[in-house]
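Listed here are the chains, written in short residue letters.
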Amino acid sequence: MSHLTDLPTWAAIVVCGLVLLGAAIALIGSLGLLRLPDFYTRLHAPTLATSGGVILICTASIVCFAVLQSRWVFHEVLIIVFVIMTTPVTLMLLGQAALYRDRVEERRGVPRKQKPLPVQPPEETKE
């Protein structure tokens, strides 16, 4: 009843390998979220690892449906593009919000915002 029985053995091995590797990377990112000590280090594990896991799983889907239907599926490509574009933006926004909160609460160990250097007027040359 499934078209997956039509998948050649070499493609099934590639798809299974990519799915398992992507799931393992996503799991490692999730465990990093639990194990890392503070918020700033916790930002990196899920954003980097789960992005890599999603990319590998979408690549497995691309390979599977390219072999089965003899055409490229662009839905997965769009998912990969959006994950690559939105994950760093989300990471930066969360990091900036946490840094702002920590500065307002005056927590120890948080770098202070540096005051801008005073602007000196340019020296005039006398002729």
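The structure displayed is predicted, hence computed values, not measured ones.

About the thresholds
Residues numbered from 1 in each chain as written. Predicted model: local features only at pLDDT ≥ 70, side-chain atom pairs only at ≥ 80, totals over all residues. Heavy atoms only, no water. Helix = DSSP H or I, 4+ residues; strand = E, 2+ residues; numbered from the N terminus. Rg over C-alpha atoms; globule rule 2.2 N^0.38 Å. Areas by Shrake-Rupley, 256 points an atom, 1.4 Å probe, with all protein chains shown as cover. Lys, Arg positive; Asp, Glu negative; His and termini not counted. Charge placed at Lys NZ, Arg CZ, Asp CG, Glu CD. pLDDT = per-residue confidence, 0-100. Buried < 20%, exposed > 50% of the residue type's maximum accessible area, 1.4 Å probe, protein only. Contact = heavy atoms within 4.5 Å.

A closer look at the overall build of the protein
Right, on to step 1. When helices and strands are counted, the protein shows three helices and zero strands.
Right, on to step 2. Listed by position from the N terminus, the elements making up the protein come as α-α-α.
Right, on to step 3. Scaling as 2.2 N^0.38, a compact globule of 127 residues should have a C-alpha radius of gyration of about 14 Å, whereas the protein reaches 24 Å, well beyond that.
Right, on to step 4. Projected onto its principal axes, the C-alpha coordinates of the protein cover approximately 85 × 50 × 20 Å.
Right, on to step 5. Total accessible area computed for the protein in this model is approximately 10200 Å², and 69% of it derives from carbon and sulfur atoms.
Right, on to step 6. The centroid of the 11 positive side-chain charges in the protein is displaced by 10 Å from the centroid of its 9 negative side-chain charges.

Things to note about the confidence of the model for the protein
Right, on to step 1. Here the protein averages 84 in pLDDT, while 91% of its residues score no lower than 70.
Right, on to step 2. The least confident element of the protein, judged by mean pLDDT, is helix 2 (residues 39-69) at 88; the most confident is helix 1 (residues 9-35) at 92.

Quick word on the side chain of Glu 76
Right, on to step 1. Along the chain, the position of Glu 76 falls in helix 3 (residues 74-104).
Right, on to step 2. Judged by its relative accessible area of 10%, Glu 76 is buried.
Right, on to step 3. Residue contacts for Glu 76: discarding those within four places in its chain leaves Cys 58, Ser 61, Ile 62 and Phe 65.

Thoughts on the environment of Val 104
Right, on to step 1. Residue placement: Val 104 occurs in helix 3.
Right, on to step 2. Considering only alpha carbons, one finds Val 104 and Ala 45, 59 residues apart in sequence, at a separation of 26 Å.

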